[in-house]
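This is what each chain is made of:
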Amino acid sequence: MSDNVTYMNSDPNGLAAMLGGLIEANLQAHPERARLLDRPATFAITATDADVSVTIHLGDGAVKVANGVRGHPHVSVRGSSEDLIGLSSVPLRMGQPDVMSKEGRAVLGKILKGQVKVRGVVMQSGRLRRLNELLSVM
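What follows concerns the layout of surface pockets. One number sums up the size of the largest pocket: a volume of about 440 Å³. Considering the residues around the largest pocket, the lining is formed by 25 residues, among which Leu87, Pro97, Ile111, Val118 and Asn132 are closest to the centre.

Of all hydrophobic cores here, the largest spans 27 residues; its most connected members are Ile23, Ile45, Val54, Ile56, Leu58 and Val63. Among the elements that line this core, the one with the most residues is helix α1 (residues 14-29), at 6 residues.

A separate point is α1. Helix length check: α1, at 16 residues, gives a terminal C-alpha distance of 22 Å against a target of 22 Å (1.5 Å per residue), a fit within 8%. Along α1, the residues classified as buried are Leu15, Ala16, Leu19, Gly20, Leu22, Ile23, Glu24, Asn26 and Leu27. Residues of α1 that are buried make contact with β1 (5-7), β2 (41-47), β3 (52-59), β4 (62-67) and α4 (125-135). The opening residue of α1 is Asn13, an N-cap whose side-chain oxygen sits 3.1 Å from the backbone nitrogen of Leu15.

Attention shifts here to the environment of Ala44. Tracing the backbone shows Ala44 in strand β2. A residue is classified by how much of its surface remains accessible, and Ala44, at 4% relative accessible area, is buried. Distance from Ala44 to Asp3, taken between C-alpha atoms, is 22 Å for residues 41 residues apart in sequence. Apart from residues lying up to four places away in sequence, Ala44 is in contact with Val54, Val69, Pro73, Val75, Ser76 and Val77.

Phi angles above zero are rare outside glycine, and Asp51 is one such case at about 50 degrees. With respect to the helices and strands, Asp51 occurs in the loop between β2 and β3. Backbone geometry places Asp60, a non-glycine residue, at a positive phi of 55 degrees. Along the chain, the position of Asp60 falls in the loop between β3 and β4. Overall, Asp60 belongs to the exposed group, its relative accessible area being 78%.

Among the structural elements, Arg129 can be located in helix α4. By relative accessible area, which is 24% here, Arg129 ends up partly exposed. As a C-alpha pair, Arg129 and Ser101 span 28 residues in sequence and 17 Å in three-dimensional space.

Here is what the cut-offs are and how they apply
- Along every chain, residues carry numbers that run from 1 in the direction the sequence is written.
- With pLDDT at 70 or above as the cut-off, local features in this predicted model cover only qualifying residues; side-chain atom pairs require 80 or more to be listed or tallied, and sums for whole chains, interfaces and linings still use all residues.
- For side-chain calculations, the full set of non-hydrogen atoms in the structure is used, while hydrogens and water are omitted.
- Points on a 1 Å grid over protein atoms alone make up a cavity when a 1.4 Å probe fits among them but cannot get out, and a pocket when they form an open set with protein on both sides within 12 Å along at least five of seven lines; lining residues each have an atom within 4 Å of a point.
- Grid points are joined across faces, edges and corners, and a volume is the space filled by probe spheres set on the points.
- Buried residues of nine kinds, namely Ala, Val, Leu, Ile, Met, Phe, Trp, Tyr and Cys, make up a nonpolar core once their side-chain atoms join them within 4.5 Å.
- Buried residues are those whose accessible area, probed at 1.4 Å on protein chains only, stays under 20% of the maximum for their type, while exposed residues exceed 50% and partly exposed ones sit between those limits.
- The helix count covers DSSP runs of H or I at least four residues long, the strand count covers runs of E at least two residues long, and both are numbered beginning at the N terminus.
- What a helix should span is 1.5 Å times the count of its residues minus one.
- Contacts: residue pairs with any heavy atoms within 4.5 Å of one another.
- Between N or O atoms, a polar contact is any pair within 3.5 Å; within protein, one atom must be a potential hydrogen donor and the other a potential acceptor, and residues adjacent in sequence are included only when both atoms are from side chains.

Below you can see the structure in the form of structure tokens.
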């Protein structure tokens with residue numbers, strides 16, 4: 001288990017456990033990504049089909065993962081469980097889904113169709129880039 005990730009609930013929901021575990025694994029596999037934890041950022045992620053949410057807070061070299069949406073996140077992402085899981089395997093270019101790849105175009109298409117909703121994509125693009133890099137298995 002990574003020292004960088006803390007679960008704020010004694011019984012994390014499935015989404016919190018999955019995303020926290022993914023971040024832990026990525027930080028262990030790519031220690032250079034720890035730099036992404038230095039500046040504050042808060043994200044809310046909701047799996048609409050499972051009616052479950054999680055808040056991820058970055059800052060001071062740590063990740064805090066909590067059940068539900070807490071506070072006022074900088075970025076909110078809503079989509080089906082399948083779409084949210086798929087986001088972690090999309091190739092990135094400069095921290096954003098690579099639209100030159102088939103997978104990146106598919107993600108962009110889902111966002112444009114409203115299947116995946118991202119609030120804060122324009123005003124908080126730097127924070128969103130950090131989240132993408134933390135969750136990316138690529």
